[in-house]
Every structure is written in C-alpha cells, then in structure tokens.
Amino acid sequence: MQNAVGDICEVRDVNGRLETTEGMELARRALDLMSEHSVAPTPQNYAVWVAYVSDSVPELSESIQAAIDKGGPIDDDFCDELYDRHFTFKRIQDAVLETGGAMSRELGAVVKTLEAAERDTAAYGEALAGASGQLDGNTDTVTFKRMVEGLVSATARMQRRSRELERRLQETSVEVSQLKNNLEKVREEAMTDALTGLANRKRFDEAMRKARRNAELQGEGFSLVLCDIDHFKRFNDTWGHQTGDQIIRFVAACLSRFSKDTHVVSRYGGEEFAIVMPRTTLHEASEISDKIRATVESKRLLRKSTNEDLGHITVSMGVSEHRGGESIEELIERADTNLYKSKQTGRNRVTVDATDDGTGAAAA
C-alpha cells in the first residue's frame, strides 16, 4: 500500500502543487471511490483514480465522471483504456523528449570538439607552411633546430587533439546507443500488457495495419484469430480477481506456445485475446486455434494460494482470413461474428469463415 500511495502522489507532485499531506488525502479519496465502484486495487488503477480525484488530467476526469453519471460499467477494461490513453503515451513522450535532449547535448559536445580540432588543424597547417617558407639553402643550424622543435610541438598537439576527438566520438557512440536502447525499451513496455506479457491493444492495432499493408502491397495474405475465455465472469466472481488473473495468464501462455514467431499475440481486452497471423492461411490458422483450444481444455487448474481445484476452463475462438480490399474493421467484425457463433453453439469450439457453399466450419 505504501508504494502504491507513493505512486499516486507522484501524479500531482510533478506539477509542484501538492504537499505530502494533501497527496495522502487524495490517495484515500481515490481508494474509497475505487472500493465503491469495485475497481481492482492495481497500481495502474491507483494512478487513474488519483488523477480523477485531483483533476490533474481533465480529459480523464471527464471520462470517469461521464461513466459514473450514466451508471455504466467501470471495469478493468475501462480503467486500462484510460491508463493507456493518458499515462502510457505520456511516458513515451517524456522518454522521447529526454532522449532528444540528451542526444542534443552529446552532439553539441562533439561539435565543440570538432571545432577545436579544426582550429588546431589550421594552426598545424600554418606551422607547416611557415616552416616550408623558411627552409632554403642559407638556413642555419639554430633556425633549423627551432623550426623542427616547433613542428614537433605542433604535431604533438595534433596527436593529443586526435586522441581526444577519437575518445569523444567513442563515448558519444556508446551514449547514443544506450539512449536508443532506453527509448526502445520504453516503447516496448508501452506496447506490452503488464499482466500477461503479451502485446497490448496498441501493438495489436499496429500489427493489423502492417499486415493489411503487406497484404495490399505485396499480396501476402494473413489471418486473424479472436479468443474469449468461456464463463470467465463466473470464475472471477467465485474465486476473485487474483485467480482470474491466474487464468488469464494461463490462457495467454497457451496462445503464445502454439503461435509462430511471426504472429502477434495480444490481449485484446479483459478476458479476450487476438492473434494476428501474417502469411497464414485460414486452414493453418484454424489448426493452430484448435490446438490452443484443446490444450486449454485438457489442463486442470489449481488455485496457487490454496491449492484448490478450479476444474477445467475452455475458450471459444473465431477465425477469419483477410480478403482483398477489405478494411481492418471489416476483418475484425467477421472474426468477432465467428467468435459469437462459437459462443452461441455451445462454446469450447473454433468457428471459421463460411465455406464456398455458404456453410460455416466449426471444430469442437
């Protein structure tokens, strides 16, 4: 609880408007409201609700207030969507700004080093030119010695400057590489579902756009699988959110196990999942889906905290293959329709696109 409250206070501390006492009061108000609306006490939900009670993110506050006024569901999906929209993007934006500033400072330092090296190079050139002009048949030993000493000194300065420039460029290369890795890490975190480690809805949308673009430009077909855990609400209400999370992670692991490296497995929302399958036919997607379905059904789950037998769970799935000229929304709608058919015809089955004769295929 202490860490969670610390995270909450940070939402407004950034703006310099809250003292610790006020932050604690906001935290308590947020917790009370979360309890009132049966919102799970996760760190992400804490951040969302303290932003609401403090009105530090007006658009977020308006969304929650509208949901409360309408008496609509304020569930995990609703809170997750608010967090992704208002906090995840900000983290990426902050990381980009920080990286841009650091790179600007690094490049500025390199430019200064290059300018100093340019001045030294010009001075060295002048020293060489001067020595060349002084050399003739009448140059005495003293003058020649002084000239050589001057050239040796100028050469030593150039060597030091070259070593310094090389060191500076190496340091900058390492720093820029680190900044790039940090930025990529933040981006990856922003595209990953915290509970399952799968891709989140943003990553799914990106994968769908890429798959459709490749389908249109390169003729690469692709398929989409939608998956839903059967009777999940009953499990969640009976055993609690922690057990519900355990079930979600189990199904996520099954999806990942049978999907190919080229596939993008994502948590679509709540107990729903999606798999974007580039270069995968409807038949191949159907076979993979049925392996997933059969594996989920075959496992008997135990509650980690008490070792209680949870019995078996099942999933329903809908599979569709992209058609030429079809929009992303149309493909999702067809896959969702197939998923709905699986639910309506008994659950624990895979329903694919209708065949040429107008019938739909399903595997139990």
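Residues numbered from 1 in each chain as written. Predicted model: local features only at pLDDT ≥ 70, side-chain atom pairs only at ≥ 80, totals over all residues. Heavy atoms only, no water.

Draft legend 1. Layout of a negative patch on the surface. A cluster of acidic residues, E329, E330, E333 and D336, forms a negative patch on the protein surface. Structurally, E329 is set in helix α11 (residues 328-344). Of the residues examined, E329 reaches a relative accessible area of 56% and is grouped as exposed. (Patch = residues over 30% accessible without salt bridge, like charges linked within 9 Å, V, L, I, M, F, W, Y side chains within 5 Å. Areas by Shrake-Rupley, 256 points an atom, 1.4 Å probe, with all protein chains shown as cover. Salt bridge = Lys/Arg side-chain N within 4 Å of Asp/Glu carboxyl O. Lys, Arg positive; Asp, Glu negative; His and termini not counted. Charge placed at Lys NZ, Arg CZ, Asp CG, Glu CD. Helix = DSSP H or I, 4+ residues; strand = E, 2+ residues; numbered from the N terminus. Buried < 20%, exposed > 50% of the residue type's maximum accessible area, 1.4 Å probe, protein only.)

Draft legend 2. Just the packing of aromatic side chains, in detail. Evaluated as defined, the whole model comprises 2 aromatic pairs. Aromatic side chains F204 and Y268 sit 5.1 Å apart centroid to centroid with 80° between the ring planes, which places their arrangement in the edge-to-face category. Here the residue F204 occupies a position in helix α7 (residues 201-218), and Y268 occupies one in strand β2 (residues 264-269), the gap between them amounting to 64 residues. Residue F204 shares its accessibility class with Y268, and that shared class is buried. For R201, the ring lying beneath its charged end belongs to Y268, and the centroid distance is 4.1 Å. (Phe/Tyr/Trp six-rings, centres within 6.5 Å; stacked < 30°, edge-to-face > 60°. Lys NZ or Arg CZ within 6 Å of the ring centre and 35° of its normal.)

Draft legend 3. Structural context of the confidence of the model for the protein. Overall, the prediction assigns the protein a mean pLDDT of 77, with 69% of residues at 70 or greater. Across residues 1-19, confidence stays below pLDDT 50; counting only partners more than four residues off in sequence or on other chains, it has 25 contacts. (pLDDT = per-residue confidence, 0-100. Contact = heavy atoms within 4.5 Å.)

Draft legend 4. Quick peek at helix α3 (residues 43-54). If you check α3, its first and last C-alpha atoms are 16 Å apart, about what 12 residues at 1.5 Å a residue would give, namely 16 Å. With 10 of 12 residues buried, α3 is to be regarded as a mostly interior element. Every buried residue of α3 is accounted for by N45, Y46, A47, V48, W49, V50, A51, Y52, V53 and S54. (Expected span 1.5 Å × (residues − 1).)

Draft legend 5. Summary view of the side chain of N348. With respect to the secondary-structure elements, N348 resides in the loop between α11 and β7 (350-354). Separated by 3.1 Å, the side chains of N348 and E297 make a polar contact. (Polar contact = N/O pair within 3.5 Å; in protein donor to acceptor, adjacent residues only side chain to side chain.)

Draft legend 6. Region of interest: the environment of D75. Summarising the element assignment, D75 is placed in the loop between α4 (58-70) and α5 (76-134). What makes D75 partly exposed here is its relative accessible area of 36%. In the structure, D75 is positioned 36 residues away from V39 in sequence and 6.5 Å away in space, judged by C-alpha atoms. Separated by 3.0 Å, the side chain of D75 and the backbone nitrogen of F78 make a polar contact.

Draft legend 7. Main features of unusual backbone geometry. Its identity is not glycine, yet S38 carries a phi of approximately 55°, on the positive side. In this structure, S38 sits in the loop between α2 (20-36) and α3. Assessed through its relative accessible area of 61%, S38 is described here as exposed. Phi is positive for R347, close to 65°, though the residue is something other than glycine. Relative to the helices and strands, R347 is located in the loop between α11 and β7.

Draft legend 8. Just the pairing of strand β6 (residues 315-321), in detail. The element β6 is extensively covered by neighbouring structure, given that 6 of its 7 residues are classed as buried. Pairing between strand β1 (residues 222-229) and β6: 7 bridges, direction antiparallel. Residue pairing for β6: S223 is matched across the bridge by E321. A crossover links β6 with its parallel partner β7, the connecting element being α11, and its sense is left-handed. (Pairing = 2+ DSSP bridges. Right-handed = clockwise from strand over helix to strand, strands pointing away.)

Draft legend 9. Just the side chain of T295, in detail. When you line up the elements, T295 lands in helix α10 (residues 282-298). Here T295 falls in the buried class, since its relative accessible area comes to 10%. For T295, the contacting residues outside a window of four places in its chain are C254, R257 and F258.

Draft legend 10. Molecular detail of the pattern of salt bridges. One pass over the full model with this rule turns up 11 salt bridges. As a salt-bridge pair, D353 and R334 come within 2.7 Å of each other at their nearest N and O atoms. In this pair, D353 is assigned in strand β7 and R334 in helix α11, connecting sequence segments 19 residues apart. You'll find D353 and R334 in the same group, each marked buried. Shared partners join several salt bridges into a network, and the residues in it are D228, D230 and K343.

Draft legend 11. Just the packing of helix α8 (residues 232-239) against helix α9 (residues 241-258), in detail. For the pair α8 and α9, interaxial distance at closest approach is 7 Å and the crossing angle is 140°. Between α8 and α9, the angle falls in the class oblique. Mapping the contact onto sequence places F232, F235, N236 and W239 in α8 and H241, T243, G244, I247 and I248 in α9. Grouping the constituent residues of the contact of α8 with α9 by class yields 5 nonpolar, 4 polar and no charged. (Axes fitted to C-alpha atoms, helices over the stretch in contact; angles between N-to-C directions. Parallel < 35°, antiparallel > 145°, perpendicular 65-115°, else oblique. Nonpolar A, V, L, I, M, F, W, Y, C, P; charged D, E, K, R; others polar.)

Draft legend 12. Inspection of the environment of I328 at higher detail. Note that I328 resides in helix α11. Look at I328 and you get buried, because its relative accessible area is 18%. The contact partners of I328, leaving out residues within four places of it in the chain, are M208, R209 and R212.

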